[in-house]
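Secondary and tertiary structure notes
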Amino acid sequence: MRLEKEYNAAIDRWKNDQGESWKKRYPELEDILKRGFWLCIGNKGGGILLSGVNPSFDGKEKAEPIPFHDCSGRYWNLWKRNLAFYDAGYIDLFPLRVTKQKHEFEKYVPLKLKAEILRVTQRELERLKPQLIIHANKSSAFYYGTKPDAPWMGYDLERVELPRRLGEKGTLYRINGLLNDNRRINYGDDSKTKLEGSHLFVCSMQSRLKSEERIHRDEITQLCEYLNIQ
């Protein structure tokens, strides 16, 4: 699988840069990397792309990659209902299988390794050129560039006002380009983005919310109509 090879190559670059000492300096990381990746396949370009921060780890052997609409479980079923009328796909910013985001992923995955992995993800985002990215993990939206002091992928985001009801469920941005900031991970490689004119909708992790707080299918339809997405 092309994308899996690219992620493996990114990890190998980081390992080569660190030398053999990385195993001693990051003993917990070795176990995380042995779990392999979890990836969705069959994402089509030009439509809607749902994104999360990283897949959870259930303690089982790595499952074969499957399309978004074949995924099952509480998290997936909710979003499949919401996006049933649209040609949607899914991507994690970091495909490493880690359940405890703050106490394991943020703690044990070094910043330079995150940057190597995220460069691969960003290239895939650029290849797919979605009209709308729905990032369903509010706490990790900064990787797109929502916080100027930590640009990461460094998209130049313009806040777009939404109808009141929809605006209570999430925040919408228009992608206007890339920030002129040498702290973004692609600064030396890219000065333009294929996502200019696309939109980023950031919302909370829906499975943790009460039903009345969640986004529902009619609101996704409203959002897509608002953005003229068929």
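Residues numbered from 1 in each chain as written. Predicted model: local features only at pLDDT ≥ 70, side-chain atom pairs only at ≥ 80, totals over all residues. Heavy atoms only, no water.

1. Section: the overall build of the protein
- From N to C terminus, the protein includes eight helices and eight strands.
- For 230 residues, the compact-globule estimate of 2.2 N^0.38 gives 17 Å, and the protein sits close to it at 17 Å.
- Across its three principal axes, the protein shows a C-alpha extent of roughly 55 × 40 × 30 Å.
- A burial count over the protein gives 51% of its 230 residues as buried.
- Taking all contacts inside the protein whose residues are at least 6 apart in sequence as the whole, residues at least 24 apart take part in 74%.
- For the protein, the accessible area works out to roughly 12,100 Å², and carbon and sulfur atoms hold 45% of it.
- Each charge class in the protein can be summarised by its mean position, and for the 40 positive and 33 negative side chains these summaries are 2 Å apart. (Helix = DSSP H or I, 4+ residues; strand = E, 2+ residues; numbered from the N terminus. Rg over C-alpha atoms; globule rule 2.2 N^0.38 Å. Buried < 20%, exposed > 50% of the residue type's maximum accessible area, 1.4 Å probe, protein only. Contact = heavy atoms within 4.5 Å. Areas by Shrake-Rupley, 256 points an atom, 1.4 Å probe, with all protein chains shown as cover. Lys, Arg positive; Asp, Glu negative; His and termini not counted. Charge placed at Lys NZ, Arg CZ, Asp CG, Glu CD.)

2. What about the pairing of strand β5 (residues 132–135)?
- Where burial is concerned, the two faces of β5 agree: the one with Leu132 and Ile134 and the one with Ile133 and His135 are both buried.
- Taken together, the four bridges between strand β2 (residues 48–52) and β5 define a ladder with parallel strand orientation. Pairing of Leu49 across the sheet is with Ile133, part of β5.
- The pairing of β5 with strand β8 (residues 199–202) spans four bridges and is parallel. For Ile133, the partnering residue across the bridge sits in β8 and is Leu200. (Pairing = 2+ DSSP bridges.)

3. Let's talk about the nonpolar core
- Among the nonpolar cores identified, the biggest contains 43 residues, and Leu96, Leu125, Tyr143 and Tyr155 are the most heavily contacted of them.
- Put simply, the parts of the chain that give this core at least two residues each are α1 (2–18), α3 (27–34), α6 (111–128), β6 (155–160), β7 (171–178) and β8.
- Ranked by residues supplied to this core, first place goes to α6 with seven residues.
- Apart from the residues within four sequence positions on either side, Tyr143 is in contact with Val53, Leu93, Phe94, Phe105, Glu106, Lys114, Leu118, Pro151, Trp152, Met153 and Gly154.
- Of all hydrophobic cores here, the second largest spans 29 residues; its members include Phe68, Tyr90, Phe201 and Ile215. (Core = buried A, V, L, I, M, F, W, Y, C linked by side-chain atoms within 4.5 Å.)

4. Digging into helix α8 (residues 217–226)
- Among all positions in α8, only Glu219, Ile220, Thr221, Leu223 and Cys224 are buried.
- Residues of α8 that are buried in the fold lie against β2, α4 (74–82), β5, α7 (164–167), β7 and β8.
- Phi turns positive one or two residues past the end of α8, at Asn228, with a value near 60°.

5. Concerning the sheet that holds β7
- The sheet built from six strands is open, its strands ordered β4-β2-β5-β8-β7-β6 with mixed pairing. Each having just a single partner strand, β4 (88–92) and β6 make up the two edges of the open sheet. Between one strand and the next, the sheet's axes are offset by a mean angle of 30°, whatever the strand orientation.
- Across the sheet, α8 lies against β2, β5, β6, β7 and β8, angled at about 145° from β5, the strand it touches most. (Axes fitted to C-alpha atoms, helices over the stretch in contact; angles between N-to-C directions.)

6. Thoughts on the pattern of salt bridges
- Under the criterion given, the structure shown has 15 salt bridges.
- Taking the shortest distance from any N to any O, the salt bridge between Glu124 and Arg2 comes out at 3.0 Å. With a gap of 122 residues between them, Glu124 in helix α6 and Arg2 in helix α1 connect regions that are remote in the sequence.
- Taking relative accessible area as the criterion, Glu124 reaches 5% and is therefore assigned buried.
- The shortest N-O distance in the salt bridge between Glu116 and Arg13 comes to 3.3 Å. Taken together, the positions of Glu116 in helix α6 and Arg13 in helix α1 put the pair 103 residues apart, joining distant regions of the chain.
- On the basis of relative accessibility, which here comes to 17%, the residue Glu116 falls in the buried class.
- Judged by relative accessible area, which is 39%, Arg13 ranks as partly exposed. (Salt bridge = Lys/Arg side-chain N within 4 Å of Asp/Glu carboxyl O.)

7. Some points on the environment of Leu157
- Looking at the element boundaries, Leu157 is found in strand β6.
- A sequence separation of twelve residues divides Leu157 from Gly145, and the C-alpha atoms of the two residues are 7.1 Å apart.
- Leave out the neighbours within four places in its chain, and Leu157 touches Tyr144, Gly145, Thr146, Tyr173, Arg174, Ile175 and Leu200.

In short, shape yes, function no, at least from these values alone.
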